[in-house]
Every structure is written in C-alpha cells, then in structure tokens.
Amino acid sequence: MTIINFTPNVSPLRHDRGGISLASLPSTTCIPQSTRCRSLSQSQSQSSSIRSRLSALCLSSLHVADMDDGAGTSLFPLHRCKTLHLVRHAQGIHNVEGDQNYKAYLSPEYLDAHLTPLGWQQVDNLRKHVHTCGLSKRIDLVITSPLLRTLQTSVGVFGGEGYTDSMDVLPLMVANAGNSGRAAISSISSPPVMAVELCREHLGVHPCDKRRNISDYQFLFPAVDFSLIENDEDVLWKADIRETKEEVAARGLQFLKWLWTRKEKEIAIVTHSGFLFHTLSLFGNDCQPLIKKEICKHFANCELRSMVIVDRSMTGSVDTTTNYPGKIPSGLDLPSDIADKKKLEKEEPHSSGFA
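The sections below set out a description of the structure shown in this document.

This brings us to the overall build of the chain. Across its full length, the chain holds 8 helices and 9 strands. Among the 355 residues that make up the chain, the fraction classed as buried is 50%. Restricting to contacts in the chain with at least 6 residues of sequence separation, those with at least 24 account for 76%. Surface summary for the chain: the accessible area is close to 17900 Å², and the carbon and sulfur share equals 54%.

Right, let's get into the environment of Arg127. Note that Arg127 resides in helix H2 (residues 117–132). Residue Arg127 is classed as buried on the basis of its relative accessible area, which comes to 12%. In contact with Arg127, other than residues within four places in its own chain, are Val155, Gly156, Val157, Phe158, Gly159, Gly160 and Glu161. At 3.4 Å, the side chain of Arg127 and the backbone oxygen of Gly160 are in polar contact.

Attention now goes to the pairing of strand E6 (residues 141–144). Burial along E6 is two-sided: the residues Leu141 and Ile143 and Val142 and Thr144 are all buried. Across 4 bridges, the pairing between E6 and strand E8 (residues 266–271) is parallel. By the bridge assignment for E8, Thr144 is matched with Val270. In this structure, E6 lies alongside strand E7 (residues 193–195), joined through 3 bridges in parallel fashion. Among the inter-strand pairings, Ile143 is bridged to a residue of E7, identified as Met194. Regarding topology, helix H3 (residues 148–158) serves as the crossover connection from E6 to the parallel E7, and that connection is right-handed.

Here we take up the nonpolar core. Counting residues in each nonpolar core, the largest one holds 33 residues, and the members touching the most others are Leu126, Phe158, Phe221, Val224 and Phe226. At the level of elements, H2, H3, E7, helix H4 (214–220) and E8 are the ones that each hand at least two residues to this core. Ranked by residues supplied to this core, first place goes to H3 with 5 residues. Beyond its immediate chain neighbours, meaning those up to four positions away, Phe226 contacts Leu151, Ala195, Ile214, Tyr217, Gln218 and Phe221. Cys199, Ile291, Met307 and Ile309 belong to the second-largest nonpolar core, a separate cluster that totals 29 residues.

Counting buried residues in strand E5 (residues 81–88) gives 8 out of 8 residues, a clear majority hidden from the surface. Alternating positions in E5 separate into two faces, Cys81, Thr83, His85 and Val87 on one and Lys82, Leu84, Leu86 and Arg88 on the other, with burial throughout. Bridge analysis of E5 against strand E9 (residues 304–311) gives 7 bridges, and the strand direction is antiparallel. Across the sheet, residue Leu84 finds its bridge partner in E9, namely Met307. Pairing between E5 and E8: 6 bridges, direction parallel. Looking at the pairing, Leu86 lines up with Ile269 of E8.

This next bit is on the side chain of Asn95. Structurally, Asn95 can be placed in helix H1 (residues 93–98). A relative accessible area of 2% places Asn95 in the buried class. Of the polar contacts made by the side chain of Asn95, one reaches the backbone nitrogen of Gly92; its length is 2.8 Å. Among the polar contacts listed, one links the side chain of Asn95 to the side chain of His94, at a separation of 3.5 Å.

What describes two packed helices is the angle between their axes and the distance between those same axes. Two elements in contact, helix H5 (residues 245–259) and helix H6 (residues 273–280), have axes separated by 8 Å at closest approach and are oriented at 80°. It follows that H5 is roughly perpendicular to H6 by the angle criterion. From H5, Lys245, Val248, Ala249, Arg251, Gly252, Leu253, Phe255 and Leu256 reach across to H6, where they touch Gly274, Phe275, His278 and Thr279. Grouping the constituent residues of the contact of H5 with H6 by class yields 6 nonpolar, 4 polar and 2 charged.

Reading guide: rules and limits
- Residues numbered from 1 in each chain as written.
- Predicted model: local features only at pLDDT ≥ 70, side-chain atom pairs only at ≥ 80, totals over all residues.
- Heavy atoms only, no water.
- Helix = DSSP H or I, 4+ residues; strand = E, 2+ residues; numbered from the N terminus.
- Buried < 20%, exposed > 50% of the residue type's maximum accessible area, 1.4 Å probe, protein only.
- Contact = heavy atoms within 4.5 Å.
- Areas by Shrake-Rupley, 256 points an atom, 1.4 Å probe, with all protein chains shown as cover.
- Polar contact = N/O pair within 3.5 Å; in protein donor to acceptor, adjacent residues only side chain to side chain.
- Pairing = 2+ DSSP bridges.
- Right-handed = clockwise from strand over helix to strand, strands pointing away.
- Core = buried A, V, L, I, M, F, W, Y, C linked by side-chain atoms within 4.5 Å.
- Axes fitted to C-alpha atoms, helices over the stretch in contact; angles between N-to-C directions.
- Parallel < 35°, antiparallel > 145°, perpendicular 65-115°, else oblique.
- Nonpolar A, V, L, I, M, F, W, Y, C, P; charged D, E, K, R; others polar.

Written out as structure tokens, the structure is:
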C-alpha cells in the first residue's frame, strides 16, 4: 500500500485527453514509488529523508537470469534515482464547463484559467495530506508550470504558513491573486518554487492554456523563481496551431532529461493532465500491465502520484552521498571466491595434460 499518493475526496470535474503509446522505453525509467520499491538500508526515523528509505530495488519486467525468485526485479544505484511527486493542478474554471462541452476550451473567457472555490478546497485537502505524511519536510524543490492554476496549486499546497505584511520576506502569493479570495501565502519554511515552461499543458488553440506575461505573475507570486523563462510574453502558444500528442510527449521527455541537470533528489512537479498523460504513456511498456496502468492513467484534479525515475544512460552527473569506498585504512581483503578462482586457475594446467 502506498502511503504518499493522494487522490482527492472532493470529486473533480476533468476532461480526459487522448493518448500516445510507444513500444520503445526511453533511457529514463519511471516507476511508481510504492510498495514495489524498497530501500536496501532503511532508516528507523520517521523524519528522515525518503531518499534513505526509497527504492534502490525496484520491480519491472526485467528478469534476473537463473533466479526464479528474482524474476521482475531490477537493481539501480540510489544516486542514479530521483523521486518525483507528480501533481495535477486543482479544478480550474475551464474544467467545469469543459467537462460538459469540449468546445468550452476554445472560449477566450477561460484565458489562463484560475482555480474555482472547489479547486481551492482540493488544494487545502492535498496540503493537509502532504503535511500529515511528512512529505512537506522532504521536498527539495517545487517545479510548476507557469500558468495561473498551477502556480496557485503549487503555493497553496507547498507554501508556508501565516504571512503578514510586517514580515521582511517576499510572499509566495499576494492576497487575492487570481481572484482567489485567499490571504497571502508565506515563503518561510517552504521549499523553493520554480516555474518551468517545459512542463506546460498541451500548447496552442485553447485559451485556457495560454499564459500571461511573466511580469504579471511576478507581481502576483513574488517569491516564485521565474528566472528560467526567457520571454516575458507567451511565444510558445499559437492561436491556430495545436501541439500534437507526440510533440507533447517529446517535450515531456526533454523535461525529464533536464531534471537530471538538477542537484535536487526529491522534487514536486505541479503540472497538467495532458502533459502528464502523454509523457507517462511512454513508460511502463516493459512492466506488468497493472503497473503500466498505475504509471500513466489520467490524473484527477489535485491528485498526487509519487514516482521514481532512474538514469540508466548516465545523463546526469550525480555524486552519491551515502556510498562509502571502504579499505580505510587499507589492508588485504581478497574475497574467498576470488581466492578459489585463482587456485583453480593455477591447478588447471597440471590437470589437463595427456597421460
């Protein structure tokens, strides 16, 4: 039983978008972080980082030769893994009408849609969950899509408590940002929040997926880091061209590859239904079908799903913080099996002669 994943109790209205499935598995492997993953060395402290409890031993459909009990088991160095806590934004105003009528997504009324009152309830519920399970203390970085609904969800779930104007720090969100009716949200005791264009929703045509100018967001979300976004205006969204599903998936892979350039090991990513579905559908083709389904099924509004990604091609250069080289101080330590092999090699020439 997974103890981190979260599916909201408040019933969300959502629109399911079509899928893509490729036969080949990318060099980054994505695995649900649940009971299928066990750390080889577990900490007894509940407050210790999930990295020390996380899976260096993960199940997939790869088989260990000549080991029936090991079938389906794969072993990866822990420092070649990252933990991703994937979150779809809470309910936006576009979801309500769009669930009933797909053409509503074409309405200019929903430009850069903000959260509904129900969406903010979903945010509150997920916030309570991440604090209850201790996840809020373990996250190194929050990455968010730079749209209003994802920014609101990110700071609402992972932001600090009790902001007042007398504080000598910038808030993550000013009061009533995006007609939220919410108080300002503190950046104190919060992981850093960074906006990244690569994890945006399906680009083009739908006004709800067009962002505002970054300068507008910087006023509403002063402590969010927008430094990786090059253009103030939205130059990626086109009114008459919609990204294909394949293009969304390719952008998702580019995003995952970029994550390996980051030093953070445990990252929350607040993004969108279409982006998550098309990206995750590339993974799990070598897994048992139920695991494949667990990886790539559609996200509900404000659902959190924890995954482990594995760098199988050494894309990133990450030093281990837990491995220890041994032989300190140095000394003789020839293992017995190596000694046996050397002994056999010495005896073989004498036993293979002719009579």
